[in-house]
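Tertiary structure, described
Given next are the chains, with one letter for each unit.
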Amino acid sequence: MSLCRSAPVAVTGDPETMEGFSVGVPEAVCLGASLALSGICYYLYRKSRTTVDKLDDAPHFTVDGKLKDILKVTPGACLQYAVIEGAVQPVGEPLTSHFQKEIAGVLQKFMLTQQRLVWNGLSSTWTDSERVLHQRVNTVPFVLVGSDETAVKVLCPLQASGVHTEITHEKFHQVNYGFGDIVGQYLSGEKIKGQLETEEMLKVGATLTGVGELILDTDGVLNLRPPSNSAQYFLSITDFDSLRRDQESVAVWWRALTIASALAGASVLLWVGRRYYCHLKVRWEQEQERREFERMQAEAPRAPAAAPGPEGLQDAAEGRAENACVICLYRPRNCILLDCGHVCCCHTCYQALPRRQCPICRQNISRVVPLFHV
């Protein structure tokens with residue numbers, strides 16, 4: 001039996017074209033999820049691609065005395081998106097590392113996290129997990145200094161993207177447990193491995209690449225701040241080429257996810273289209289079969305009908321009851337199911353069978369011929 005004949009159907013839709021066909025719930029869910037995921041991934045891809053394009057178009061400037069002259073002749077004394085690079089210097093007293101007193105910086109992040117294992121019932125394995133117990137960020141004003149001591153003040157560094165700190169301290173404190181604690185962890189499905197304390201700093205003297213809005217205020221001070229045109233603000237201890245490659249990689253990943261989710265949606269549509277084609281094919285075959293059955297019935301020789309008497313009417317009624325279709329119990333049996341040869345139903349009920357199997361013996365039906373009474 002072909003897949004087209006055994007395809008599941010449900011009575012919904014337009015009676016002319018969609019009768020007996022519907023989209024299943026799993027298919028609708030998969031299609032909706034793939035469309036939503038494709039839209040989200042495409043939006044993030046366009047956003048990251050726009051960021052890369054803006055980085056390519058952004059002018060590069062050296063932090064020196066000429067930078068002020070350039071901004072003075074720029075409308076509004078403002079460059080909406082520019083790239084500069086300089087050495088980090090604090091404005092005032094710098095921050096000192098809590099763990100290495102010889103390290104000074106202008107931005108300090110301290111984080112204490114709890115490392116643990118959580119039991120995953122689906123995969124029957126222990127998976128790593130962490131929870132932030134404490135987090136603290138300290139900053140002091142700082143500038144980027146060029147070769148001739150020209151300084152650009154960096155504003156809102158915490159709003160910047162990019163890697164602009166490096167780890168200055170990292171220590172793991174392991175937890176020791178007794179037998180009772182181990183039993184309790186297995187019962188609760190959570191094992192605590194220990195605590196990890198980490199300190200990150202933007203060190204004084206580090207070379208920092210800044211990408212943002214460059215302005216010259218009324219006091220003659222150069223400032224780098226988040227762009228007012230919604231472009232992404234970057235501060236990175238790597239060079240500009242590395243920063244751009246990282247953003248290009250992000251855009252490539254989002255593009256790949258967009259294509260993958262779109263292909264998944266297209267696969268679901270193709271599957272639904274194939275099912276619909278099979279549904280139409282089955283209906284066309286049934287219509288051809290019905291027409292052939294009616295043609296064979298019309299061409300069959302018929303015996304002349306005699307006028308029945310009272311006893312004949314009673315016998316005819318009993319004969320109709322005995323010859324009634326076993327499915328609808330109303331219409332007479334008028335077809336022979338082959339290859340089994342059973343005469344048990346009318347042609348209308350035969351065409352309504354969900355599977356082409358004899359309702360008596362469950363054998364596959366290869367063809368149907370009319371039953372003639374002569």
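Model, not experiment: these values are computed from the prediction.

A few words on the overall build of the protein chain. Within the protein chain, the secondary structure is distributed over 6 helices and 14 strands. With 374 residues in all, the protein chain has 33% of them scored as buried. Taking all contacts inside the protein chain whose residues are at least 6 apart in sequence as the whole, residues at least 24 apart take part in 67%. Roughly 22,600 Å² of accessible area belongs to the protein chain as shown, and the carbon and sulfur atoms make up 57% of that amount.

This part is about the UniProt feature "domain: RING-type" (unreviewed entry) in the protein chain. According to UniProt, the positions carrying the feature "domain: RING-type" (unreviewed entry) are residues 325-362. Across residues 325-362, helical content stands at 13% and strand content at 11%; the span's end C-alpha atoms are separated by 16 Å.

Here the bond from leucine 338 into aspartate 339 is cis, since omega is 25°, no more than 30 degrees from zero. Mapped onto the elements of the fold, aspartate 339 is located in the loop between β13 (335-338) and α6 (347-351). One non-glycine residue, alanine 77, adopts positive backbone phi at about 50°. Here alanine 77 is to be found in the loop between α2 (66-72) and β2 (78-90). We note that cysteine 156 has phi near 50°; this positive angle belongs to a residue other than glycine. Within the element layout of this structure, cysteine 156 appears in the loop between β7 (151-154) and β8 (166-174). Given the relative accessible area of 38%, cysteine 156 is considered partly exposed.

Enumeration according to the criterion identifies 0 disulfides in this entry. Of the cysteine sulfurs around cysteine 335, a residue in no disulfide, the closest is that of cysteine 345, at 4.1 Å. Assessed through its relative accessible area of 0%, cysteine 335 is described here as buried. Free cysteine cysteine 346: the closest other cysteine sulfur is in cysteine 349, separated by 3.4 Å.

Turning to its location among the elements, tyrosine 276 is positioned in helix α4 (residues 240-299). Under the relative-accessibility criterion, tyrosine 276 is labelled partly exposed at 22%. Residues tyrosine 276 and serine 22, 254 residues apart in the sequence, show an inter-C-alpha distance of 8.6 Å.

Time to look at the pattern of salt bridges. Taken as a whole, this structure holds 10 salt bridges when the rule is applied. Aspartate 128 serves as the salt-bridge partner of lysine 193, at 3.2 Å between the closest nitrogen and oxygen. Of the two residues, lysine 193 sits in strand β9 (residues 190-203) while aspartate 128 sits in strand β5 (residues 125-139), which places them 65 residues apart along the sequence. Under the relative-accessibility criterion, aspartate 128 is labelled exposed at 60%. What emerges from the salt-bridge pattern is a single network uniting Arg49, Asp53, Asp56, Arg244 and Glu248.

Basis of the calculations
Residues numbered from 1 in each chain as written. Predicted model: local features only at pLDDT ≥ 70, side-chain atom pairs only at ≥ 80, totals over all residues. Heavy atoms only, no water. Helix = DSSP H or I, 4+ residues; strand = E, 2+ residues; numbered from the N terminus. Buried < 20%, exposed > 50% of the residue type's maximum accessible area, 1.4 Å probe, protein only. Contact = heavy atoms within 4.5 Å. Areas by Shrake-Rupley, 256 points an atom, 1.4 Å probe, with all protein chains shown as cover. UniProt positions renumbered as here; feature names shortened; annotations may be inferred. Disulfide = S-S within 2.5 Å. Salt bridge = Lys/Arg side-chain N within 4 Å of Asp/Glu carboxyl O.

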